[in-house]
Amino acid sequence: MYDAFISHIQKRNLFEPGKSYLLACSGGLDSMTLAHLLHATGIQFELGHVNFGLRDTESDGDEEFVRKWGEERNLHVHVHRANTKEWAKNKGISTQMAAREIRYQFFEEIRSKHKLTGIVVAHQEDDQLETIFLNLTRGTGIEGVYGMSERRMELIRPLLSFSRAQITAYAKEVKLAWREDRSNASIDYKRNKLRHSGLPALYNLETDTRQNLLQSFARLKDTGKAFSGLFELWKAEHVREQHGISFLAYKSLSSMPGVASL
(Lines give C-alpha, C1' and ligand atoms only; values in the text may rest on other atoms or scores of the structure.)
Protein backbone atom coordinates (compact mmCIF):
# COMPACT_ATOMS: atom_id res chain seq x y z
CA MET A 1 0.00 0.00 0.00
CA TYR A 2 2.93 2.35 0.65
CA ASP A 3 3.96 2.41 -3.02
CA ALA A 4 0.33 2.71 -4.14
CA PHE A 5 -0.16 5.64 -1.77
CA ILE A 6 2.88 7.51 -3.11
CA SER A 7 1.80 6.86 -6.69
CA HIS A 8 -1.73 8.05 -5.94
CA ILE A 9 -0.88 11.33 -4.23
CA GLN A 10 1.66 12.16 -6.95
CA LYS A 11 -0.77 11.36 -9.75
CA ARG A 12 -3.52 13.44 -8.15
CA ASN A 13 -1.18 16.26 -7.02
CA LEU A 14 -2.72 16.21 -3.55
CA PHE A 15 0.26 17.74 -1.75
CA GLU A 16 2.58 20.60 -2.63
CA PRO A 17 6.35 20.23 -2.05
CA GLY A 18 7.64 22.33 0.83
CA LYS A 19 4.17 23.00 2.24
CA SER A 20 2.93 21.90 5.66
CA TYR A 21 -0.49 20.43 6.48
CA LEU A 22 -2.74 19.67 9.44
CA LEU A 23 -3.72 16.03 9.86
CA ALA A 24 -7.00 15.43 11.68
CA CYS A 25 -6.04 12.52 13.91
CA SER A 26 -8.47 10.66 16.16
CA GLY A 27 -6.00 7.91 17.04
CA GLY A 28 -8.08 5.31 15.21
CA LEU A 29 -6.99 2.90 12.49
CA ASP A 30 -7.55 5.15 9.48
CA SER A 31 -6.00 8.34 10.83
CA MET A 32 -3.01 6.53 12.36
CA THR A 33 -2.36 4.73 9.09
CA LEU A 34 -2.49 8.06 7.26
CA ALA A 35 -0.20 9.64 9.87
CA HIS A 36 2.26 6.78 9.37
CA LEU A 37 2.15 7.16 5.57
CA LEU A 38 2.59 10.93 5.63
CA HIS A 39 5.52 10.63 8.03
CA ALA A 40 7.13 7.85 5.99
CA THR A 41 6.87 9.87 2.75
CA GLY A 42 8.40 12.97 4.32
CA ILE A 43 5.34 15.20 3.92
CA GLN A 44 5.41 17.99 6.49
CA PHE A 45 2.40 17.98 8.79
CA GLU A 46 1.12 18.77 12.26
CA LEU A 47 -1.44 16.80 14.23
CA GLY A 48 -4.87 18.03 15.27
CA HIS A 49 -6.93 16.06 17.80
CA VAL A 50 -10.31 16.78 19.38
CA ASN A 51 -11.20 15.21 22.70
CA PHE A 52 -15.00 15.22 22.54
CA GLY A 53 -15.33 14.00 26.14
CA LEU A 54 -17.96 11.44 25.16
CA ARG A 55 -16.21 8.26 26.33
CA ASP A 56 -14.76 9.32 29.68
CA THR A 57 -11.30 7.83 30.26
CA GLU A 58 -11.26 6.31 26.78
CA SER A 59 -11.41 9.78 25.23
CA ASP A 60 -8.54 10.89 27.46
CA GLY A 61 -6.63 7.77 26.42
CA ASP A 62 -7.08 8.67 22.75
CA GLU A 63 -5.75 12.16 23.42
CA GLU A 64 -2.70 10.87 25.27
CA PHE A 65 -2.02 8.30 22.56
CA VAL A 66 -2.03 10.93 19.79
CA ARG A 67 0.09 13.33 21.87
CA LYS A 68 2.70 10.69 22.55
CA TRP A 69 2.86 9.50 18.93
CA GLY A 70 3.37 13.03 17.66
CA GLU A 71 5.87 14.08 20.30
CA GLU A 72 7.98 10.97 19.68
CA ARG A 73 8.32 12.17 16.06
CA ASN A 74 8.86 15.84 16.93
CA LEU A 75 5.53 16.87 15.44
CA HIS A 76 3.44 19.79 16.64
CA VAL A 77 0.28 18.42 18.29
CA HIS A 78 -2.80 20.62 18.66
CA VAL A 79 -5.49 19.35 21.04
CA HIS A 80 -8.95 20.76 21.74
CA ARG A 81 -11.04 19.48 24.66
CA ALA A 82 -14.71 20.04 23.91
CA ASN A 83 -18.00 19.77 25.77
CA THR A 84 -19.82 18.14 22.88
CA LYS A 85 -23.09 17.44 24.66
CA GLU A 86 -23.43 21.04 25.81
CA TRP A 87 -22.67 22.26 22.27
CA ALA A 88 -25.37 19.95 20.88
CA LYS A 89 -27.90 21.08 23.49
CA ASN A 90 -27.27 24.78 22.94
CA LYS A 91 -27.62 24.43 19.18
CA GLY A 92 -30.45 21.90 19.24
CA ILE A 93 -28.57 19.41 17.09
CA SER A 94 -27.47 15.79 17.41
CA THR A 95 -24.27 14.85 19.23
CA GLN A 96 -22.80 13.59 15.96
CA MET A 97 -23.53 16.86 14.19
CA ALA A 98 -22.10 18.82 17.11
CA ALA A 99 -18.89 16.76 16.99
CA ARG A 100 -18.58 17.45 13.27
CA GLU A 101 -19.03 21.19 13.74
CA ILE A 102 -16.57 21.30 16.63
CA ARG A 103 -13.78 19.43 14.89
CA TYR A 104 -13.94 21.26 11.58
CA GLN A 105 -14.15 24.63 13.30
CA PHE A 106 -11.11 23.75 15.41
CA PHE A 107 -9.12 22.37 12.48
CA GLU A 108 -9.79 25.43 10.35
CA GLU A 109 -8.76 27.74 13.21
CA ILE A 110 -5.46 25.89 13.58
CA ARG A 111 -4.86 25.77 9.81
CA SER A 112 -5.46 29.50 9.48
CA LYS A 113 -3.51 30.50 12.59
CA HIS A 114 -0.42 28.47 11.70
CA LYS A 115 -0.66 29.16 7.95
CA LEU A 116 -0.92 25.49 7.02
CA THR A 117 -1.77 24.64 3.43
CA GLY A 118 -4.61 22.19 4.03
CA ILE A 119 -6.52 19.93 6.40
CA VAL A 120 -5.90 16.24 5.74
CA VAL A 121 -8.57 13.75 6.83
CA ALA A 122 -8.54 9.95 6.71
CA HIS A 123 -11.85 9.19 5.00
CA GLN A 124 -11.46 6.04 2.92
CA GLU A 125 -13.35 4.08 0.28
CA ASP A 126 -15.78 2.40 2.67
CA ASP A 127 -16.61 5.76 4.24
CA GLN A 128 -17.34 7.00 0.74
CA LEU A 129 -19.85 4.23 0.03
CA GLU A 130 -21.52 4.72 3.41
CA THR A 131 -21.85 8.46 2.77
CA ILE A 132 -23.43 7.94 -0.64
CA PHE A 133 -25.98 5.44 0.68
CA LEU A 134 -26.81 7.70 3.62
CA ASN A 135 -27.48 10.49 1.13
CA LEU A 136 -29.73 8.18 -0.89
CA THR A 137 -31.76 7.19 2.18
CA ARG A 138 -32.34 10.85 2.99
CA GLY A 139 -33.38 11.70 -0.57
CA THR A 140 -30.89 13.32 -2.90
CA GLY A 141 -30.17 14.50 -6.42
CA ILE A 142 -27.22 13.56 -8.57
CA GLU A 143 -24.79 15.52 -6.38
CA GLY A 144 -25.69 13.23 -3.50
CA VAL A 145 -24.07 10.28 -5.27
CA TYR A 146 -20.85 12.21 -5.93
CA GLY A 147 -19.76 11.40 -2.41
CA MET A 148 -16.71 13.10 -0.95
CA SER A 149 -14.02 14.73 -3.08
CA GLU A 150 -10.33 13.94 -2.77
CA ARG A 151 -9.66 17.63 -2.60
CA ARG A 152 -12.12 20.42 -1.96
CA MET A 153 -10.64 23.81 -1.15
CA GLU A 154 -8.41 23.23 1.91
CA LEU A 155 -9.76 19.73 2.67
CA ILE A 156 -7.71 16.77 1.39
CA ARG A 157 -8.68 13.09 1.52
CA PRO A 158 -5.75 10.99 0.22
CA LEU A 159 -7.19 7.61 1.31
CA LEU A 160 -10.47 7.73 -0.63
CA SER A 161 -9.28 5.15 -3.15
CA PHE A 162 -8.18 2.67 -0.47
CA SER A 163 -10.55 0.24 1.23
CA ARG A 164 -10.85 -0.46 4.94
CA ALA A 165 -9.53 -3.97 4.25
CA GLN A 166 -6.42 -2.60 2.52
CA ILE A 167 -5.75 -0.15 5.33
CA THR A 168 -6.21 -2.81 8.01
CA ALA A 169 -3.87 -5.22 6.22
CA TYR A 170 -1.19 -2.55 5.82
CA ALA A 171 -1.45 -1.40 9.44
CA LYS A 172 -0.95 -4.97 10.63
CA GLU A 173 1.91 -5.50 8.18
CA VAL A 174 3.89 -2.55 9.58
CA LYS A 175 2.79 -3.38 13.15
CA LEU A 176 1.07 -0.04 13.58
CA ALA A 177 -0.64 0.78 16.88
CA TRP A 178 -4.04 2.50 17.02
CA ARG A 179 -6.97 3.08 19.33
CA GLU A 180 -10.29 1.26 19.00
CA ASP A 181 -13.45 3.31 19.51
CA ARG A 182 -16.02 0.89 20.94
CA SER A 183 -18.87 3.12 19.73
CA ASN A 184 -17.98 2.07 16.17
CA ALA A 185 -19.34 -1.39 16.95
CA SER A 186 -22.72 -0.01 18.04
CA ILE A 187 -25.66 -0.04 15.64
CA ASP A 188 -27.37 2.91 17.34
CA TYR A 189 -26.24 5.20 14.52
CA LYS A 190 -27.42 5.03 10.90
CA ARG A 191 -23.89 4.91 9.53
CA ASN A 192 -23.00 2.00 11.78
CA LYS A 193 -26.17 0.14 10.78
CA LEU A 194 -25.14 0.52 7.16
CA ARG A 195 -21.56 -0.51 7.93
CA HIS A 196 -22.36 -3.62 9.96
CA SER A 197 -25.65 -4.79 8.46
CA GLY A 198 -26.98 -3.00 5.38
CA LEU A 199 -23.94 -2.83 3.11
CA PRO A 200 -22.55 -6.31 3.93
CA ALA A 201 -25.95 -7.78 3.00
CA LEU A 202 -25.87 -5.85 -0.27
CA TYR A 203 -22.31 -6.94 -1.05
CA ASN A 204 -23.31 -10.57 -0.54
CA LEU A 205 -25.73 -10.41 -3.47
CA GLU A 206 -22.85 -10.86 -5.93
CA THR A 207 -19.11 -11.28 -5.48
CA ASP A 208 -18.38 -8.09 -7.42
CA THR A 209 -21.25 -5.95 -6.08
CA ARG A 210 -18.96 -3.62 -4.13
CA GLN A 211 -16.72 -2.88 -7.09
CA ASN A 212 -19.69 -2.48 -9.42
CA LEU A 213 -21.21 0.09 -7.05
CA LEU A 214 -17.98 2.08 -6.95
CA GLN A 215 -17.74 2.06 -10.73
CA SER A 216 -21.41 3.02 -11.12
CA PHE A 217 -21.11 5.97 -8.74
CA ALA A 218 -17.93 7.09 -10.53
CA ARG A 219 -19.79 7.06 -13.86
CA LEU A 220 -22.68 9.02 -12.38
CA LYS A 221 -20.21 11.58 -11.06
CA ASP A 222 -18.64 11.92 -14.51
CA THR A 223 -22.12 12.25 -16.03
CA GLY A 224 -23.00 14.99 -13.56
CA LYS A 225 -19.82 16.90 -14.36
CA ALA A 226 -20.51 16.59 -18.08
CA PHE A 227 -24.07 17.83 -17.55
CA SER A 228 -22.82 20.81 -15.55
CA GLY A 229 -20.48 21.75 -18.36
CA LEU A 230 -23.21 21.47 -20.97
CA PHE A 231 -25.58 23.47 -18.77
CA GLU A 232 -23.08 26.32 -18.53
CA LEU A 233 -22.87 26.39 -22.34
CA TRP A 234 -26.68 26.34 -22.62
CA LYS A 235 -27.00 29.11 -20.04
CA ALA A 236 -24.49 31.29 -21.87
CA GLU A 237 -26.57 30.89 -25.03
CA HIS A 238 -30.06 31.36 -23.60
CA VAL A 239 -29.76 33.54 -20.50
CA ARG A 240 -29.39 37.28 -21.05
CA GLU A 241 -28.01 39.60 -18.36
CA GLN A 242 -29.06 43.24 -18.24
CA HIS A 243 -28.50 45.70 -15.40
CA GLY A 244 -27.93 42.86 -12.94
CA ILE A 245 -31.14 41.04 -13.94
CA SER A 246 -31.21 37.66 -15.69
CA PHE A 247 -33.72 37.03 -18.50
CA LEU A 248 -34.69 33.61 -19.89
CA ALA A 249 -37.16 33.17 -22.74
CA TYR A 250 -40.09 30.90 -21.87
CA LYS A 251 -39.65 28.83 -25.04
CA SER A 252 -35.98 28.14 -24.20
CA LEU A 253 -36.98 26.53 -20.93
CA SER A 254 -40.19 24.79 -21.98
CA SER A 255 -38.47 22.99 -24.86
CA MET A 256 -35.82 21.46 -22.63
CA PRO A 257 -36.12 17.65 -22.14
CA GLY A 258 -36.86 16.62 -18.58
CA VAL A 259 -38.64 19.87 -17.73
CA ALA A 260 -42.23 19.51 -16.63
CA SER A 261 -44.91 21.28 -18.70
CA LEU A 262 -45.39 24.88 -17.62
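I will try to describe carefully the structure that is included in this document. Keep in mind that what you see is a predicted model, and the values were worked out from it rather than measured.

Secondary structure summary: the chain contains ten helices and eight strands in total. Within the chain, the proportion of its 262 residues that are buried is 38%. Counted over contacts in the chain with a minimum sequence separation of 6, partners at least 24 positions apart contribute 68%. In the chain, 36 positive and 33 negative side-chain charges are present, and the distance between their average locations comes to 3 Å.

Another aspect to go through is the environment of Lys 221. Among the structural elements, Lys 221 can be located in helix α9 (residues 209-238). Given the relative accessible area of 19%, Lys 221 is considered buried. With 206 residues separating them along the chain, Lys 221 and Phe 15 place their C-alpha atoms 23 Å apart. Those residues in contact with Lys 221, other than ones at most four positions away along the chain, are Tyr 146, Met 148 and Ser 149.

Further remarks concern the layout of surface pockets. By volume, the second largest pocket amounts to about 750 Å³. Along its surface, the second largest pocket is lined by 21 residues, and Arg 12, Gln 128, Glu 150, Ala 218 and Lys 221 are the ones closest to its centre. Contributing elements (two or more residues each) for the lining of the second largest pocket: α1 (2-11), α6 (125-138) and α9. By residue number, the principal contributor to the lining of the second largest pocket is α9, which donates seven residues.

What follows covers the side chain of Arg 55. Counting through the fold element by element, Arg 55 comes out in the loop between β2 (44-51) and α3 (57-72). Looking at Arg 55, the relative accessible area reads 14%, which means it is buried. Sequence-distant contacts of Arg 55, that is, excluding residues within four places in its chain, are made with Asp 62, Glu 180, Asp 181 and Ser 183.

Rules used throughout
Residues numbered from 1 in each chain as written. Predicted model: local features only at pLDDT ≥ 70, side-chain atom pairs only at ≥ 80, totals over all residues. Heavy atoms only, no water. Helix = DSSP H or I, 4+ residues; strand = E, 2+ residues; numbered from the N terminus. Buried < 20%, exposed > 50% of the residue type's maximum accessible area, 1.4 Å probe, protein only. Contact = heavy atoms within 4.5 Å. Lys, Arg positive; Asp, Glu negative; His and termini not counted. Charge placed at Lys NZ, Arg CZ, Asp CG, Glu CD. 1 Å grid on protein atoms, 1.4 Å probe; cavity = no way out; pocket = protein on both sides within 12 Å on 5 of 7 lines; lining within 4 Å. Points joined across faces, edges and corners; volume = space filled by probe spheres on them.

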